[in-house]
Amino acid sequence: MIIAVDGPTASGKGTIAKRLAQHLGIAYLDTGLLYRAVGRQVAISEGDPDNPADALAACGFPDELLQDDNLRTEATGGLASRVSVHPEVRQALFERQRAFAEQPGGAVLDGRDIGTVIAPDADVKLFITASVQARARRRWLEMVEKGIGTEDEIPLIEIEKDVVQRDARDINRKDAPLKAAPDAMIIDTTEFDREAAFEMVVEAVHEALNKA
């Protein structure tokens with residue numbers, strides 16, 4: 001069983017996918033973390049994330065880099081969005097993601113192209129989204145909670161601008177653009193808190209699996 005969970009930045013897809021995997025008792029992979037590792041490695045190597053050669057070289061990052069706390073920062077998120085536009089990078093990481101999806105026992109993968117590229121044969125495809133304003137506020141609150149800055153120190157308008165820029169890069173990139181698979185269930189979490197959104201997803205997944 002393969003469950004694909006796609007969606008734009010700060011839509012809540014990662015939290016939902018991880019909880020869903022725990023709920024179903026199957027493996028989980030945050031594919032965005034792989035791209036964050038590539039972006040982080042570019043920075044460590046003092047390369048240019050907009051240069052395909054530098055980004056491809058960073059795909060050889062050591063496995064321990066996946067445990068680096070810096071992968072969760074806004075700066076690394078921006079780098080991940082930039083390196084992910086390169087087809088060479090996406091191809092380099094494709095096999096790693098596909099092998100994880102096909103493991104015995106099933107898996108939940110979240111990202112931006114799981115249902116369209118990595119696992120188009122997934123048993124269940126979800127596309128989690130929310131308004132730009134809702135996603136920016138969630139990211140803002142997350143940063144405040146993590147102590148990255150106070151409410152006054154982090155301009156919400158700047159977070160909104162960053163979300164819009166990331167959406168534009170993800171949607172308009174030539175290779176594997178962000179979009180919902182034709183047969184994906186689109187779930188808008190704008191008006192729901194985390195618990196309500198998760199309950200809605202669980203119900204949708206069980207309904208889809210019962211139909212299979």
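As a reminder, the structure under discussion sits directly above these lines.
Reference entry: report on the structure contained in this document.

## Re the overall build of the protein chain
Scanning the protein chain from terminus to terminus reveals nine helices and five strands. Secondary structure elements in the protein chain, listed N-terminal to C-terminal, are β-α-β-α-α-α-α-β-α-β-α-α-β-α. Rg of the C-alpha trace for the protein chain: 17 Å, near the compact-globule value of 17 Å for 212 residues, within the 12% margin. Principal-axis analysis of the C-alpha atoms gives the protein chain an extent of 50 × 40 × 30 Å. Looking at the 212 residues of the protein chain, the share that counts as buried comes to 47%. In the protein chain, of all internal contacts separated by at least 6 residues, the share reaching a separation of at least 24 is 76%. Surface exposure of the protein chain reaches about 10,500 Å², of which carbon and sulfur atoms provide 51%. The protein chain carries 25 positive and 37 negative side-chain charges, and their two centres are separated by 2 Å.

## A closer look at the layout of surface pockets
The volume enclosed by the largest pocket comes to roughly 1,300 Å³. Forming the walls of the largest pocket are 47 residues, and the residues nearest its centre are Ala10, Gly14, Thr15, Arg139 and Glu142. Where the lining of the largest pocket is concerned, the elements lending two or more residues are helix 1 (13-24), strand 2 (27-30), helix 2 (31-44), helix 4 (74-83), strand 3 (107-111), helix 7 (132-145), helix 8 (156-172) and helix 9 (194-211). A total of eight residues in the lining of the largest pocket trace back to one element, the largest contributor, which is helix 7. Tallied by class, the residues present in the lining of the largest pocket amount to twelve nonpolar, 13 polar and 22 charged.

## With respect to the side chain of Thr189
Mapped onto the elements, Thr189 comes out in the loop between strand 5 (185-188) and helix 9. By relative accessible area, which is 2% here, Thr189 ends up buried. Among the polar contacts listed, one links the side chain of Thr189 to the backbone oxygen of Ser11, at a separation of 3.4 Å.

## Section: the pairing of strand 4 (residues 124-129)
For strand 4, the tally of buried residues reaches six of six residues, placing the bulk of the element in the interior. Across the two faces of strand 4 the burial is the same, with Val124, Leu126 and Ile128 and Lys125, Phe127 and Thr129 all buried. Of the strand pairs in this sheet, strand 4 and strand 5 are connected by four bridges, and their pairing is parallel. Across the sheet, residue Phe127 finds its bridge partner in strand 5, namely Ile186.

## Some details on the sheet that holds strand 4
The five strands lie next to each other as 2-3-1-4-5, forming an open sheet whose pairing is parallel. Two strands in the sheet have a free side with no partner beyond their single neighbour: strand 2 and strand 5. Here the strands of the sheet are splayed against their neighbours by 20° on average, with no regard to which way each runs. Along the sheet, helix 2 contacts strand 2 and strand 3; its crossing angle with strand 2, the most-contacted strand, is approximately 40°.

## Considerations on the nonpolar core
Core analysis: the biggest nonpolar cluster contains 18 residues, and Leu20, Leu126 and Val201 have the highest contact counts within it. For this core, the secondary structure elements donating two or more residues are strand 1 (2-6), helix 1, strand 4 and helix 9. Per-element accounting of this core gives the leading share, six residues, to helix 9. Ignoring anything within four residues of it in the chain, the contact list for Val201 reads Ile16, Leu20, Leu126, Ile128 and Ile187. Formed by 17 residues, the second largest nonpolar core is a distinct cluster that contains Ala37, Val42, Ala55 and Cys59.

## Re helix 4
A large share of helix 4 lies buried, amounting to eight of its ten residues. Of all the residues in helix 4, the buried ones are Glu74, Thr76, Gly77, Gly78, Leu79, Ala80, Ser81 and Val83. Where the residues of helix 4 are buried, they touch helix 2, helix 3 (52-57), helix 5 (87-101), helix 7 and helix 8.

## As for the pattern of salt bridges
Applying the stated rule across the entire model yields 18 salt bridges. In this structure, the salt-bridge partner of Asp68 is Arg40, at a minimum N-O distance of 3.4 Å. Placement of the pair is Asp68 in the loop between helix 3 and helix 4 and Arg40 in helix 2, with a sequence separation of 28 residues. The partner of Arg98 in a salt bridge is Glu102, with the nearest N and O atoms 2.9 Å apart. A cluster of three or more residues bridged by salt bridges with shared partners is formed by Glu74, Arg139, Glu142, Asp162 and Arg166.

Analysis parameters
Residues numbered from 1 in each chain as written. Predicted model: local features only at pLDDT ≥ 70, side-chain atom pairs only at ≥ 80, totals over all residues. Heavy atoms only, no water. Helix = DSSP H or I, 4+ residues; strand = E, 2+ residues; numbered from the N terminus. Rg over C-alpha atoms; globule rule 2.2 N^0.38 Å. Buried < 20%, exposed > 50% of the residue type's maximum accessible area, 1.4 Å probe, protein only. Contact = heavy atoms within 4.5 Å. Areas by Shrake-Rupley, 256 points an atom, 1.4 Å probe, with all protein chains shown as cover. Lys, Arg positive; Asp, Glu negative; His and termini not counted. Charge placed at Lys NZ, Arg CZ, Asp CG, Glu CD. 1 Å grid on protein atoms, 1.4 Å probe; cavity = no way out; pocket = protein on both sides within 12 Å on 5 of 7 lines; lining within 4 Å. Points joined across faces, edges and corners; volume = space filled by probe spheres on them. Nonpolar A, V, L, I, M, F, W, Y, C, P; charged D, E, K, R; others polar. Polar contact = N/O pair within 3.5 Å; in protein donor to acceptor, adjacent residues only side chain to side chain. Pairing = 2+ DSSP bridges. Axes fitted to C-alpha atoms, helices over the stretch in contact; angles between N-to-C directions. Core = buried A, V, L, I, M, F, W, Y, C linked by side-chain atoms within 4.5 Å. Salt bridge = Lys/Arg side-chain N within 4 Å of Asp/Glu carboxyl O.

Nothing here speaks to function; it is geometry throughout.
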